Amino acid sequence: MKPRGIRELDAGPVITNPGNSILIKTGSWRSFMPVSLKENCINCLFCWLYCPDMAVKVNDGKMDGFDYDYCKGCGICALECPGKKGKKAIVMQEEDK
Ligand code: SF4
Ligand code: SF4
């Protein structure tokens, strides 16, 4: 088969409505959920920084829980959380189905 030039290739996926990911509630994919233990939080915001889904809420510069509509339960926030004196401020728990 003869190789095709770039102008002859089929079109890939096309985003016709930029920003529409907000309409897709990816939280329904979750099997584990992060739970905040405020007493161990030092408000470093590592969780906010590392979350791939922008599902960590921040209020007035402080960690303020999770947006469970979009949190997929990957656990990265819990993994990266340094917590206070070695005690994690985020733990993952199995989702109630
Ligand atoms: S990473 Fe942990 S200690 Fe830092 S703000 Fe988030 S919950 Fe708090
Ligand atoms: S579990 Fe994953 S998606 Fe949910 S808040 Fe933590 S880092 Fe974000």
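Right above here is the structure, for reference.
Residues numbered from 1 in each chain as written. Chains lettered and ligands numbered in written order. Predicted model: local features only at pLDDT ≥ 70, side-chain atom pairs only at ≥ 80, totals over all residues. Heavy atoms only, no water.

(A) Highlighting the packing of aromatic side chains. In total, this model carries 2 aromatic pairs according to the counting rule given. On the numbers, 6.3 Å between centres and 70° between planes, the contact of Phe46 with Tyr50 is edge-to-face. Residue Phe46 and its partner Tyr50 are located together in helix H1 (residues 46-50), separated by 4 residues, close to a single helical turn. Judged by its relative accessible area of 39%, Tyr50 is partly exposed. (Phe/Tyr/Trp six-rings, centres within 6.5 Å; stacked < 30°, edge-to-face > 60°. Helix = DSSP H or I, 4+ residues; strand = E, 2+ residues; numbered from the N terminus. Buried < 20%, exposed > 50% of the residue type's maximum accessible area, 1.4 Å probe, protein only.)

(B) Quick peek at the site of ligand 2. Close to ligand 2 lie 14 residues; Cys51, Cys71, Cys74, Gly75 and Cys77 are nearest. The class makeup of the residues in the shell around ligand 2 is 10 nonpolar, 2 polar and 2 charged. (Near = heavy atom within 4 Å. Nonpolar A, V, L, I, M, F, W, Y, C, P; charged D, E, K, R; others polar.)

(C) Structural context of the nonpolar core. In this structure, Cys47, Val56, Met63, Phe66, Cys77 and Ile90 are the most contacted members of the largest nonpolar core, which totals 14 residues. Residue assignment for this core shows that the elements contributing at least two residues are strand E3 (62-66) and helix H2 (76-80). (Core = buried A, V, L, I, M, F, W, Y, C linked by side-chain atoms within 4.5 Å.)

(D) Representation of a nonpolar patch on the surface within the structure. On the surface, Phe46, Trp48, Leu49, Tyr50 and Val58 cluster together to form a nonpolar patch covering roughly 500 Å² of accessible area. Ranked by residues supplied to the nonpolar patch, first place goes to H1 with 4 residues. With respect to the helices and strands, Trp48 occurs in helix H1. Take Trp48: its relative accessible area is 46%, and that puts it in the partly exposed class. (Patch = residues over 30% accessible without salt bridge, like charges linked within 9 Å, V, L, I, M, F, W, Y side chains within 5 Å. Areas by Shrake-Rupley, 256 points an atom, 1.4 Å probe, with all protein chains shown as cover. Salt bridge = Lys/Arg side-chain N within 4 Å of Asp/Glu carboxyl O.)

Geometry only, nothing functional implied.
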